[in-house]
Amino acid sequence: MSTNSHLPDPATPDDQTDTPTDRRCVARIEEYDDAPDECTLYPADATPSELPTTWISAKEGSYVSLDEMR
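Criteria and thresholds
- Each chain has its residues counted from 1, running along the sequence as written.
- For this predicted model, a pLDDT threshold of at least 70 governs which residues receive local features, and a threshold of 80 or more governs which side-chain atom pairs are given and counted, while totals over whole chains, interfaces and linings are taken from all residues.
- Excluding hydrogens and water, the side-chain figures rest on all heavy atoms present in the structure.
- Counting from the N terminus, the helices are DSSP H or I runs at least four residues long and the strands are E runs at least two residues long.
- Any residue under 20% of the maximum accessible area for its type is buried, any over 50% is exposed, and the rest in between are partly exposed; the area is computed with a 1.4 Å probe on protein chains only.
- Two residues form a contact once any of their heavy atoms are found within 4.5 Å.
- For the area figures, the Shrake-Rupley method with a 1.4 Å probe applies, and any residue is considered shielded solely by the protein chains shown.
- What pLDDT expresses is the predictor's confidence in each residue, scored from 0 to 100.
- Strands were regarded as paired on the criterion that DSSP finds at least two bridges between them.
- In this description, a line fitted to the C-alpha atoms serves as the axis of each element, helices being fitted only across the stretch in contact, and the angle between N-to-C directions of two axes falls anywhere from 0 to 180 degrees.
- Side-chain atoms alone can form a polar contact between residues adjacent in sequence; in general such a contact is a pair of N or O atoms within 3.5 Å, and within protein one must be able to donate a hydrogen while the other accepts it.

Asker: Explain the overall build of the chain residue by residue, including any values.
Answerer: Within the chain, the secondary structure is distributed over one helix and three strands. In sequence order, the chain lays out its α and β elements as β-β-β-α. Going through the 70 residues of the chain one by one, you find that 7% of them count as buried. For the chain, contacts bridging at least 24 residues in sequence account for 8% of all contacts bridging at least 6. Within the structure as shown, the chain displays about 6,500 Å² of accessible surface, and the carbon and sulfur contribution to it stands at 51%.

In structure tokens, the structure reads:
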């Protein structure tokens, strides 16, 4: 049976895991003349080898402000 090694052990308190729970993200907006703008979020402390796999992007119109959702 496979296990997900990226999840903390539920019996271990958060402050005792090796997984950071408070990472800051950077938001980068790419503006395009002929397509919707795109926002990419990635960890501010990501290493060059982590960057290709630790980001998420969304095109303008597919995201809303936090205040609208509260």
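That was the structure; now back to the text.
Asker: Could you give an account of the environment of Ser 62, naming the residues involved and the relevant values?
Answerer: By the element assignment, Ser 62 lies in the loop between strand 3 (56-59) and helix 1 (66-69). With relative accessibility at 54%, the residue Ser 62 sits in the exposed group.

Asker: So, the confidence of the model for the chain: which residues are in play, and what are the values?
Answerer: In this model, the chain carries an average pLDDT of 77, and 70% of its residues clear a pLDDT of 70 or more. The spread of mean pLDDT over the elements of the chain runs between helix 1, the lowest at 87, and strand 2 (residues 38-43), the highest at 93. Contacts for the low-pLDDT stretch residues 1-14, under 50 throughout, to residues beyond four places or in other chains number three contacts.

Asker: Which residues make up the sheet that holds strand 3, and what are the values?
Answerer: Ordered in space as 1-2-3, the three strands form an open sheet in which the pairing is antiparallel. Edge positions in the sheet fall to strand 1 (25-30) and strand 3, since each has one partner strand and no second. Taken over all neighbouring pairs, the strand axes of this sheet differ in orientation by 20 degrees on average, direction set aside. Bridge count for strand 2 against strand 3 is four bridges, and the pairing is antiparallel.

Asker: Which residues make up the side chain of Thr 40, and what are the values?
Answerer: Along the chain, Thr 40 turns up in strand 2. Within the structure, Thr 40 has its side chain in polar contact with the side chain of Ser 57 (distance 2.6 Å). Among all residues touching Thr 40, those that are not within four sequence positions of it are Val 26, Ala 27, Arg 28, Trp 55, Ile 56 and Ser 57.

Asker: So what's going on with the environment of Thr 40? Residues and values would help.
Answerer: According to the relative accessible area criterion, Thr 40 is buried, its value standing at 16%. Distance in space between the C-alpha atoms of Thr 40 and Val 26 is 8.0 Å, their sequence separation being 14 residues.

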